[in-house]
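Architecture and fold: a report
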Amino acid sequence: MSKIVLGQNQYGKAEVRLVKITRDTKRHEIDDVTVTSQLRGDLDAVHTEGDNAHVVATDTQKNTVYAFARDGVGSIETFAMRLGQHFTGEFEWITGGRWEIEQYSWARIPVDGEGHDHSFVRSSDERRNTVVTMDGDRTWIVSGLSNMVVLKSTGSEFRGYPKDKYTTLQETSDRILATSVSARWRYLTTDVDFDKTFENVRAIMLGAFATTHSLALQQSLFQMGSAVLEAHPEIAEVKFSMPNKHHFLVDLEPFGLDNPGEVFFAADRPYGLIEATVEREDAPDAGRAWDSVPGFC
């Protein structure tokens with residue numbers, strides 16, 4: 001009978017909710033994040049013997065998140081690295097880990113044409129995210145966004161596809177193209193202005209989506225990823241997950257009305273799901289960057 005041994009493992013505190021208000025001036029700032037901390041290292045004994053000598057309690061990890069926030073959050077990538085460097089430096093048996101942060105966006109409430117100093121409204125369901133993975137002296141950073149909903153009311157076609165006896169979809173040279181963009185990109189270095197880069201990557205993706213005359217959602221995806229890599233040599237690859245948000249033209253003829261591409265039924269399911277990686281051909285090996293990072297392909 002073969003020997004039973006412990007395989008790869010990690011543990012920590014998941015989804016620590018943190019809101020940090022910076023109030024050093026009358027114009028306050030808000031950071032709203034969810035942090036997951038998971039540690040790796042010499043943890044065999046707790047699994048095989050129930051020996052907790054090397055277990056940094058998950059409650060301790062939670063408290064560390066809050067304590068570190070007292071000095072400010074900054075970019076979510078930098079905050080995740082701060083946490084990782086603390087745990088791997090403070091506890092010699094912790095040799096690495098994974099720190100995931102999701103950030104929610106808030107906008108200032110406009111009052112008399114100006115954003116209010118200390119009142120905010122949640123701007124959308126879009127979220128910024130990062131996963132920082134450490135293993136010994138190596139660090140990998142994968143950042144991205146999710147739920148960025150975009151729509152083109154024209155400038156999109158879909159035709160020329162194969163047809164069989166089950167095909168009912170009609171070709172079109174003018175359709176609504178809508179999707180919810182989730183994207184993750186891998187950095188080649190930790191020496192990055194993460195906030196500035198995030199804003200620029202997001203703007204590039206939006207610009208490419210808007211200006212590409214799309215013959216397929218796959219084509220739009222590739223143009224978005226290519227534009228990011230062309231502008232940012234510090235990024236090795238971009239992974240996308242983009243569901244089709246289908247809009248079907250409503251037949252108004254039974255009511256004696258025409259419908260020149262103006263009234264649509266928005267269907268939420270089922271939906272086409274497009275996923276792909278756009279990458280540099282000569283990009284260095286990803287190492288552990290994508291370990292336990294959710295999808296896409």
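See the structure shown above.
In short, a report on the structure. (Residues numbered from 1 in each chain as written. Predicted model: local features only at pLDDT ≥ 70, side-chain atom pairs only at ≥ 80, totals over all residues. Heavy atoms only, no water.)

Observations concerning the packing of helix 2 (residues 58-69) against helix 3 (residues 76-90)
Angle between the axes and distance between the axes are the two parameters that describe a pair of packed helices. Put simply, helix 2 and helix 3 touch, their axes get as near as 11 Å, and they point 125° apart. Between helix 2 and helix 3, the angle is such that the two are oblique. For the element pair helix 2 and helix 3, the recorded crossing hand is right-handed. For the pair helix 2 and helix 3, the contacting residues are Gln61, Thr64, Val65, Phe68 and Ala69 in the first and Phe79, Arg82, Leu83, His86 and Phe87 in the second. Residue composition of the contact of helix 2 with helix 3, grouped by class: six nonpolar, three polar and one charged. (Axes fitted to C-alpha atoms, helices over the stretch in contact; angles between N-to-C directions. Helix = DSSP H or I, 4+ residues; strand = E, 2+ residues; numbered from the N terminus. Parallel < 35°, antiparallel > 145°, perpendicular 65-115°, else oblique. Left-handed = near helix turned anticlockwise from the far one by under 90°. Contact = heavy atoms within 4.5 Å. Nonpolar A, V, L, I, M, F, W, Y, C, P; charged D, E, K, R; others polar.)

A word on the nonpolar core
Phe79, Val181, Trp185, Met205, Val238 and Phe240 are the most contacted members of the largest nonpolar core, which has 52 residues in total. Here Val238 is in contact with Ala183, Arg184, Trp185, Met205, Val228, Leu229, Ala276, Thr277 and Val278, once residues within four sequence places are set aside. Core analysis: the next-biggest nonpolar cluster, separate from the first, contains seven residues, Val131, Trp140, Ala286 and Ala289 among them. (Core = buried A, V, L, I, M, F, W, Y, C linked by side-chain atoms within 4.5 Å. Buried < 20%, exposed > 50% of the residue type's maximum accessible area, 1.4 Å probe, protein only.)

Things to note about a nonpolar patch on the surface
On the surface, Ile109, Val111 and Val121 cluster together into a nonpolar patch covering about 200 Å² of accessible area. Take Ile109: it is sitting in strand 3 (residues 94-111). Relative accessible area serves as the criterion here: at 32%, Ile109 is assigned to the partly exposed category. (Patch = residues over 30% accessible without salt bridge, like charges linked within 9 Å, V, L, I, M, F, W, Y side chains within 5 Å. Areas by Shrake-Rupley, 256 points an atom, 1.4 Å probe, with all protein chains shown as cover. Salt bridge = Lys/Arg side-chain N within 4 Å of Asp/Glu carboxyl O.)

Quick look at the sheet that holds strand 5 (residues 138-152)
The pairing of strands in a sheet happens through backbone hydrogen bonds and is either parallel or antiparallel. Taken together, eight strands build an open sheet; the order of strands is 1-2-3-4-5-6-7-10 and the sheet is antiparallel. In the strand order of this sheet, the two ends are held by strand 1 (11-22) and strand 10 (273-279), each with one partner. Within the sheet, the average angular offset between the axes of one strand and its neighbour, ignoring direction, is 20°. As paired elements, strand 5 and strand 6 (residues 177-187) share nine bridges and run antiparallel to each other. Looking across to strand 6, one finds that Met148 is bridged to Val181. Its contacts with the sheet place helix 4 (residues 194-211) against strand 4 (114-135), strand 5, strand 6 and strand 7 (235-243), and it is angled at close to 35° to strand 5. Across the sheet, helix 5 (residues 217-231) touches strand 6, strand 7 and strand 10, and the angle it forms with strand 7 is around 155°. (Pairing = 2+ DSSP bridges.)

Considering unusual backbone geometry
In this structure, Pro270 follows Arg269 across a cis peptide bond, with omega equal to -10°. With respect to the helices and strands, Pro270 occurs in the loop between strand 9 (264-266) and strand 10. The backbone phi angle of Glu15 is positive, close to 55°, even though this residue is not glycine. In this structure, Glu15 sits in strand 1. For Glu15, a relative accessible area of 60% translates into the label exposed. Phi is positive for Asp112, close to 55°, though the residue is something other than glycine. For Asp112, the location among the structural elements is in the loop between strand 3 and strand 4. Exposure remark for Asp112: the relative accessible area of 79% places this residue in the exposed category.

Describing the packing of aromatic side chains
One pass over the full model with this rule turns up four aromatic pairs. Between Phe91 and Trp93, the ring centres sit 5.7 Å apart and the planes meet at 55°, which makes this aromatic pair tilted. Judged by its relative accessible area of 22%, Trp93 falls in the partly exposed class. Its guanidinium or amino end placed over the ring of Phe198, Arg128 lies 4.6 Å from that ring's centre, counting from NZ or CZ. The ring of Tyr161 carries Lys163 above its face, with NZ or CZ at 4.4 Å from the centroid. (Phe/Tyr/Trp six-rings, centres within 6.5 Å; stacked < 30°, edge-to-face > 60°. Lys NZ or Arg CZ within 6 Å of the ring centre and 35° of its normal.)

Remarks on the pattern of salt bridges
Tallied over the full model, the rule gives 16 salt bridges. Put simply, Arg128 and Asp195 hold a salt bridge, and the shortest N to O gap is 2.9 Å. Here Asp195 lies in helix 4 and Arg128 lies in strand 4, a separation of 67 residues in the sequence. When salt bridges with common partners are traced through the structure, they connect Arg17, Asp32 and Arg122 into a single cluster.

So, helix 3
An ideal rise of 1.5 Å per residue puts 21 Å on 15 residues; helix 3 measures up with 21 Å between its terminal C-alpha atoms. Turning to helix 3, its buried residues number three or more, namely Ile76, Glu77, Phe79, Ala80, Met81, Leu83, Gly84 and Phe87. (Expected span 1.5 Å × (residues − 1).)

Quick notes on the side chain of Ser241
Within the element layout of this structure, Ser241 appears in strand 7. The class for Ser241 is buried, based on a relative accessible area of 10%. For Ser241, the side chain forms a polar contact with the side chain of Glu275, separated by 2.8 Å. The contacts of Ser241, once residues within four sequence positions are left out, are Ser180, Val181, Ser182, Leu273, Ile274, Glu275 and Phe296. (Polar contact = N/O pair within 3.5 Å; in protein donor to acceptor, adjacent residues only side chain to side chain.)

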